[in-house]
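# Breakdown of the fold
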Amino acid sequence: MMLSSDTALVLFSGGQDSATCLAWALARHAHVETIGFDYGQRNRIELDVRDTVRTRMGALDADWSERLGADHVLDLGILGQISDTAMTRDVTIAMQANGLPNTFVPGRNLLFLTFAAALAYRRGARHIVTGVCETDYSGYPDCRDDTIKAMQVALNLGMDTRFVLQTPLMWRDKAQTWTLAQETGGAALVELIRRETHTCYEGERTHLHDWGYGCGTCPACALRAEGWKRFRAQSGIAAS
């Protein structure tokens, strides 16, 4: 299989980070496809917003519209069946004895990247883009740079190819992620991400805060809100 250096596959959940990565990829690659995963997640409303985010992002730029290719959603329900976490069960979000929040789904990103690579192999995409980060994050070990580097080696050995796993957010905090969106697509992209993406672990989408929709109290909302506050102060954006 010949992989194209002009083609990228973006792991796109419908959240802030993956939406920023999608815009980042559209600004750099001639053809960009997206992949999402339905694993029985508690905040599955993020899957519902994906189409809107993709459509409106393409409308921001004529080149982006031309470059935006197919979307793929894979059913990974088996992951939800074997995971006893706050992301796949209706339980209170809390820290565990091992120092990780119970929102950590063991093996999730490893599986996501494996399935993404299998699809990228078939679609001829050399670049696989994921929004994992170990700067502002919940401590998930499968978001760490060492993990991604190890996965790239394993995937390339196992498929006898040369994928490039790209992590544009790895060393950016949430304020810098908002800044990257602004640098990539201007105020229009920032507003699209603020209003249309979904990050809240609780799946709450009834109240629009300055930073977007969410419960305002879960770890995902707290990170997003704090990042927005710092970004707004640094960029001089007035409160909505």
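Preceding this paragraph is the structure being described.
Residues numbered from 1 in each chain as written. Predicted model: local features only at pLDDT ≥ 70, side-chain atom pairs only at ≥ 80, totals over all residues. Heavy atoms only, no water.

Counting secondary structure elements, the chain contains 8 helices and 7 strands. Considering the chain as a whole, with its 240 residues, one finds that 50% of them fall into the buried category. Within the chain, residue pairs in contact and separated by at least 24 positions form 68% of the contacts whose partners lie at least 6 positions apart. A total accessible area of about 10,600 Å² is found for the chain, and carbon and sulfur atoms account for 50% of it. (Helix = DSSP H or I, 4+ residues; strand = E, 2+ residues; numbered from the N terminus. Buried < 20%, exposed > 50% of the residue type's maximum accessible area, 1.4 Å probe, protein only. Contact = heavy atoms within 4.5 Å. Areas by Shrake-Rupley, 256 points an atom, 1.4 Å probe, with all protein chains shown as cover.)

So, on to helix H5 (residues 108–123). Between its first and last C-alpha, H5 extends 22 Å over 16 residues, near the 22 Å set by a 1.5 Å rise per residue. The positive-phi residue at the C-terminal boundary of H5 is Gly124, with phi of around 75°. (Expected span 1.5 Å × (residues − 1).)

What follows deals with the packing of helix H1 (residues 16–26) against helix H2 (residues 45–59). As a packed pair, H1 and H2 sit with axes 11 Å apart at the nearest point and diverge in direction by 35°. For the element pair H1 and H2, the recorded crossing hand is right-handed. Contacts between H1 and H2 involve Ala19, Leu22, Ala23 and Leu26 from the former and Val53, Arg54 and Met57 from the latter. Tallied by class, residues from the contact of H1 with H2 come to 6 nonpolar, no polar and 1 charged. (Axes fitted to C-alpha atoms, helices over the stretch in contact; angles between N-to-C directions. Left-handed = near helix turned anticlockwise from the far one by under 90°. Nonpolar A, V, L, I, M, F, W, Y, C, P; charged D, E, K, R; others polar.)

The subject of this paragraph is the pairing of strand S1 (residues 4–11). Two elements, S1 and strand S4 (residues 125–129), share 4 bridges in a ladder whose sense is parallel. By the bridge assignment for S4, Val10 is matched with Val129. Viewed along the sheet, the connection from S1 through H1 into strand S2 (residues 31–38) turns out right-handed. (Pairing = 2+ DSSP bridges. Right-handed = clockwise from strand over helix to strand, strands pointing away.)

Right, let's talk about the sheet that holds S1 for a bit. With parallel pairing, the 5 strands of this open sheet are ordered in space as S3-S2-S1-S4-S5. The sheet is open, and its two edges are formed by strand S3 (68–75) and strand S5 (164–166), each paired on a single side. Sheet twist, expressed as the average angle between the axes of neighbouring strands with direction ignored, equals 25°.

Glancing now at the pattern of salt bridges. Taken as a whole and assessed by the stated rule, the structure comprises 10 salt bridges. For Arg230, the salt bridge identified is with Asp173, shortest N-O distance 3.2 Å. In this pair, Arg230 sits in helix H8 (residues 219–235) while Asp173 sits in the loop between S5 and helix H7 (174–196), placing the two residues 57 residues apart along the sequence. Its salt-bridge partner being Arg232, residue Asp210 comes within 2.8 Å of it at the nearest N-O pair. Linking Asp210 in the loop between strand S6 (208–209) and strand S7 (212–213) with Arg232 in helix H8, this pair joins segments that are 22 residues apart in sequence. According to the relative accessible area criterion, Asp210 is partly exposed, its value standing at 23%. Beyond isolated ion pairs, a larger network of salt bridges with shared partners links Asp173, Glu226 and Arg230. (Salt bridge = Lys/Arg side-chain N within 4 Å of Asp/Glu carboxyl O.)

What follows concerns H7. The terminal C-alpha atoms of H7, which comprises 23 residues, lie only 17 Å apart, well short of the 33 Å expected from a rise of 1.5 Å per residue. The largest bend in H7 comes to about 130°, at Gly185. For H7, the capping residue at the N-terminal end is Asp173, with a side-chain oxygen 3.1 Å from the backbone nitrogen of Ala175. (Bend = angle between axes of the 7 residues up to and from the residue. Polar contact = N/O pair within 3.5 Å; in protein donor to acceptor, adjacent residues only side chain to side chain.)

Running from N to C, H5 and helix H6 (residues 145–159) cross one another at 40°; their axes reach a closest spacing of 11 Å. Between H5 and H6, the interaxial angle falls into the category oblique. You can see that H5 and H6 cross each other, and the crossing is right-handed. Counting all contacts with H5, which are made through Leu110, Leu113, Thr114, Ala117, Ala118 and Tyr121, the residues of H6 involved are Thr147, Ile148, Met151, Leu155 and Met159. Taken together, the residues that form the contact of H5 with H6 break down as 9 nonpolar, 2 polar and no charged. (Parallel < 35°, antiparallel > 145°, perpendicular 65-115°, else oblique.)

As a further point, take the nonpolar core. Leu11, Leu22, Met57, Ile128 and Leu189 are the most contacted members of the largest nonpolar core, which totals 61 residues. At 8 residues, H7 tops the list of elements feeding residues into this core. Leave out the neighbours within four places in its chain, and Leu11 touches Ser18, Ile35, Phe37, Phe112, Leu113, Ala116, Ile128, Val129 and Thr130. (Core = buried A, V, L, I, M, F, W, Y, C linked by side-chain atoms within 4.5 Å.)

As a further point, take the state of the cysteines. On inspection of all chains with the given rule, the structure shows 0 disulfides. Summary of cysteine pairing: Cys21 is not part of a disulfide, and the nearest cysteine sulfur, belonging to Cys133, is at 9.6 Å. By relative accessible area, Cys21 is classed as buried at 1%. The thiol sulfur of Cys133 is not disulfide-bonded, and the nearest other cysteine sulfur, from Cys143, lies at 7.9 Å. Residue classification places Cys133 among the buried positions, given a relative accessible area of 5%. (Disulfide = S-S within 2.5 Å.)

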